[in-house]
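Topology and contacts: notes
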Amino acid sequence: MKTISFRNDVMPLKNELYRLALRITLNPGDAEDVVQETLIKVWNRREQWDQIDSMEAFCLTICRNLSLDKTRKMAANEQRLDTDEHDAPDQSYSSNPEEQAIQQDRIALVRRLIDSLPEKQRSVMQLRDVEGKSYKEIAVVLGLSEEQVKVSIFRARQTIKKKFIQVEEYGL
């Protein structure tokens, strides 16, 4: 049986936990709070670690539940992801400032469209498309069947594609 170390097995997950919390809460400060609460809860359950099959799934599940709780409490329906330095347009795309501005607007549009999805679809997209998790891992974290995960991802992508095309062709 593998011995679980907080430093080596749990702490490396903090960035992944933050991204999941941010995708659900849509607020960087709230996401940081959720990650701290998650790490505290995991630490407080250290006596149970030997019974846990996947520490990553365990941590992500706690993070998701805390994020949902915080979102419900704060009624953060209108908040959106803040733009940060990582959202700069891809400079290799074009040296034309107009093209760069268009690309940056498209990225912002996709983020708004993702933010407008129902929570379950936002979560599965975050875990699959951003974190690169398998359907099985997502199913464990969210407490869904693999088939439900696949359907949610498909529906989320279709919704974003449809709305993106609609905005691109007709404007907001």
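Up top is the structure.
One structure accompanies this document, and this report is about it.

Calculation notes
- Residues numbered from 1 in each chain as written.
- Predicted model: local features only at pLDDT ≥ 70, side-chain atom pairs only at ≥ 80, totals over all residues.
- Heavy atoms only, no water.
- Axes fitted to C-alpha atoms, helices over the stretch in contact; angles between N-to-C directions.
- Helix = DSSP H or I, 4+ residues; strand = E, 2+ residues; numbered from the N terminus.
- Parallel < 35°, antiparallel > 145°, perpendicular 65-115°, else oblique.
- Left-handed = near helix turned anticlockwise from the far one by under 90°.
- Contact = heavy atoms within 4.5 Å.
- Nonpolar A, V, L, I, M, F, W, Y, C, P; charged D, E, K, R; others polar.
- Core = buried A, V, L, I, M, F, W, Y, C linked by side-chain atoms within 4.5 Å.
- Buried < 20%, exposed > 50% of the residue type's maximum accessible area, 1.4 Å probe, protein only.
- Expected span 1.5 Å × (residues − 1).
- Polar contact = N/O pair within 3.5 Å; in protein donor to acceptor, adjacent residues only side chain to side chain.

1. What to know about the packing of helix α2 (residues 14-25) against helix α3 (residues 28-44)
One can describe the packing of α2 onto α3 by two numbers: an axis separation of 8 Å at closest approach and a directional angle of 130°. Considering the angle they form, α2 stands oblique to α3. Considering the relative orientation of α2 and α3, their crossing is right-handed. For the pair α2 and α3, the contacting residues are Lys14, Leu17, Tyr18, Ala21, Leu22 and Thr25 in the first and Pro28, Asp30, Ala31, Glu32, Val34, Val35, Thr38 and Leu39 in the second. In terms of residue class, the contact of α2 with α3 is built from nine nonpolar, two polar and three charged.

2. Remarks on the nonpolar core
Formed by 34 residues in total, the largest nonpolar core has its most connected members in Leu17, Val42 and Met55. Leaving out residues up to four positions away in the same chain, Leu17 has contacts with Val35, Thr38, Leu39, Cys59, Leu60 and Cys63.

3. Section: the packing of helix α5 (residues 97-115) against helix α8 (residues 146-170)
Contact geometry for α5 and α8: axes closest at 10 Å, N-to-C directions at 135°. The angle between α5 and α8 places the two elements in the oblique class. For the pair α5 and α8, the crossing hand works out as right-handed. Seen from α5, the contacting residues are Arg106, Leu109, Val110, Leu113 and Ile114; seen from α8, they are Ile160, Lys163, Phe164, Val167 and Glu168. Grouping the amino acids of the contact of α5 with α8 by side-chain chemistry returns seven nonpolar, no polar and three charged.

4. Observations concerning α3
Spanning 17 residues, α3 covers 24 Å between terminal C-alpha atoms, matching the ideal 24 Å at 1.5 Å per step. Of all the residues in α3, the buried ones are Asp30, Ala31, Val34, Val35, Thr38, Leu39 and Val42. Here α3 starts with a cap whose side-chain oxygen sits 2.9 Å from the backbone nitrogen of Gly29, and that cap is Asn27.

5. A short note on the environment of Glu168
In this fold, Glu168 is placed in helix α8. Each C-alpha atom, one on Glu168 and one on Arg106, is 8.9 Å from the other, the two residues being 62 residues apart in sequence. In this view, Glu168 contacts Arg106 and Leu109; residues no more than four positions away in its chain are not counted.

6. Quick notes on the environment of Val151
For Val151, the position within the fold is in helix α8. Assessed through its relative accessible area of 33%, Val151 is described here as partly exposed. When the C-alpha positions of Val151 and Gln121 are compared, they lie 9.4 Å apart, and in sequence the two are 30 residues distant.

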